[in-house]
Amino acid sequence: MRVHVADHPLITHKLSVLRDVRTPSPVFRQLTEELVTLLAYEATRNVKVSPVEITTPVTTTMGVKISEPRPIVVPILRAGLGMLEGLVKLLPTAEVGFLGMVRDETTFEPTTYAERLPDDLSDRQCFAIDPMLATGGSLAAAIQFLFDRGAKDVTAICLLGTPEGVAAIEAMAGDRDVTLVLGALDERLDEKGYIVPGLGDAGDRLYGTV
């Protein structure tokens, strides 16, 4: 498994504003979209492309286009929806699927409650998006779900992660092709399974239901 933690002053600045408890939901949503677009540059580094001949105003030359089958973006509901626009702006030809995961607040075990994905993901590159990689249970279950459908490789994009979450994804991934792209790697989880220092509940802060 490959892990990339962003090291860029713009990303760190935007994350600092996200963490601030005083940041209102509209600003939080806008910054989340901007952060995902920045992280997506690294996440799409290995997106599959095919050669194509193009005609410029001067001559003909060879370029590339996104290969078929097109990659698929999979937001993990509900908080992952806040990241969707930032990624499809950069990768507009991608298809979009949805996966609903809920975490038991006592056991921290994830359960799938909804999905809208192709039955066969063979040879597809999948991009799973979820703001927070805390215990890693929900994201690990989502990635496993995509591989069970035949995905070729999975790249997960998260705003924040923890060492515990990274270890959980690594244990699940085994020798499969998994890439994890994080805006920051935080210190730890608290006894309730929240990221420290974190930014609170991303879903509540995105949609104003704190």
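Remember, it's a predicted structure, so these values are computed and weren't measured experimentally. (Residues numbered from 1 in each chain as written. Predicted model: local features only at pLDDT ≥ 70, side-chain atom pairs only at ≥ 80, totals over all residues. Heavy atoms only, no water.)

A separate point is the overall build of the chain. Counting its secondary structure elements, the chain contains six helices and 13 strands. Taken over C-alpha atoms, the radius of gyration comes to 17 Å for the chain, in line with the 17 Å a tight globule of 210 residues would show. Expressed as lengths along the three principal axes of its C-alpha atoms, the size of the chain is roughly 60 × 35 × 25 Å. Expressed as a percentage of the 210 residues in the chain, the buried residues total 46%. Side chains of the chain carry 20 positive and 29 negative charges; the gap between the two charge centres is 4 Å. (Helix = DSSP H or I, 4+ residues; strand = E, 2+ residues; numbered from the N terminus. Rg over C-alpha atoms; globule rule 2.2 N^0.38 Å. Buried < 20%, exposed > 50% of the residue type's maximum accessible area, 1.4 Å probe, protein only. Lys, Arg positive; Asp, Glu negative; His and termini not counted. Charge placed at Lys NZ, Arg CZ, Asp CG, Glu CD.)

Attention shifts here to the environment of Asp201. If you trace the backbone, Asp201 turns up in the loop between β13 (195-196) and α6 (202-207). On the accessibility criterion, Asp201 (32% relative accessible area) is partly exposed. Sequence separation between Asp201 and Pro131 is 70 residues, and the spatial gap between their C-alpha atoms is 9.5 Å. In this structure Asp201 touches Arg78 and Tyr194, once residues within four positions along its chain are discounted. (Contact = heavy atoms within 4.5 Å.)

The next thing to look at is the pairing of strand β2 (residues 49-55). Where β2 meets strand β3 (residues 60-66), seven bridges bridge the pair, whose relative direction is antiparallel. Bridge pairing links Val52 to Gly63 in β3. Linkage of β2 to β3, two consecutive antiparallel strands, is achieved through a turn of four residues. (Pairing = 2+ DSSP bridges.)

What follows concerns the environment of Gly165. Looking at the secondary structure, you find Gly165 in helix α5 (residues 163-173). It is 25 Å that separates the C-alpha atoms of Gly165 and Val96, two residues lying 69 residues apart in sequence. Other than its neighbours up to four places away in sequence, Gly165 contacts Leu133, Ala134, Thr135 and Gly136.

What follows deals with a nonpolar patch on the surface. A cluster of nonpolar side chains, Val3, Val5 and Leu185, forms an exposed patch at the surface whose accessible area comes to about 220 Å². Tracing the backbone through its elements, the reader meets Val5 in strand β1 (residues 2-5). With a relative accessible area of 34%, Val5 lands in the partly exposed category. (Patch = residues over 30% accessible without salt bridge, like charges linked within 9 Å, V, L, I, M, F, W, Y side chains within 5 Å. Areas by Shrake-Rupley, 256 points an atom, 1.4 Å probe, with all protein chains shown as cover. Salt bridge = Lys/Arg side-chain N within 4 Å of Asp/Glu carboxyl O.)

This part covers the side chain of Asp153. Position of Asp153 relative to the elements: it lies in strand β10 (residues 153-161). It is Lys152 that comes nearest to the buried, bridge-free Asp153 among opposite-charge side chains, at 4.8 Å. In this structure Asp153 touches Arg124, Gln125, Cys126, Phe147 and Asp177, once residues within four positions along its chain are discounted.

A few words on unusual backbone geometry. Among all residues save glycine, negative phi is the norm, and among peptide bonds the norm is trans. In the segment running from Glu68 into Pro69, the intervening peptide bond is cis, with an omega of -10°. Along the chain, Pro69 turns up in the loop between β3 and β4 (72-77). For the peptide bond that leads from Val196 to Pro197, omega is 0°, which places it in the cis range. Summarising the element assignment, Pro197 is placed in the loop between β13 and α6. If you check the backbone angles, Asp123 has positive phi at about 65° while not being a glycine. With respect to the helices, strands and loops of the structure, Asp123 is situated in the loop between β7 (110-116) and β8 (125-129).

Summed over the entire model, instances satisfying the criterion amount to ten salt bridges. Among the salt bridges present, the one from Lys89 reaches Glu33, with a minimum N-O distance of 2.6 Å. Highlighted residues: Lys89 in helix α3 (residues 81-90) and Glu33 in helix α2 (residues 25-43), separated in sequence by 56 residues. Given a relative accessible area of 52%, Lys89 falls into the exposed group. Since its relative accessible area comes to 22%, Glu33 is described here as partly exposed. For Glu115, the salt bridge identified is with Arg149, shortest N-O distance 2.9 Å. One end of the pair, Glu115, is in strand β7; the other, Arg149, is in the loop between α4 (137-148) and β10, with 34 residues separating them in the sequence. With relative accessibility at 35%, the residue Glu115 sits in the partly exposed group. A network of salt bridges, in which partner residues are shared, links Arg70, Glu95 and Arg124.

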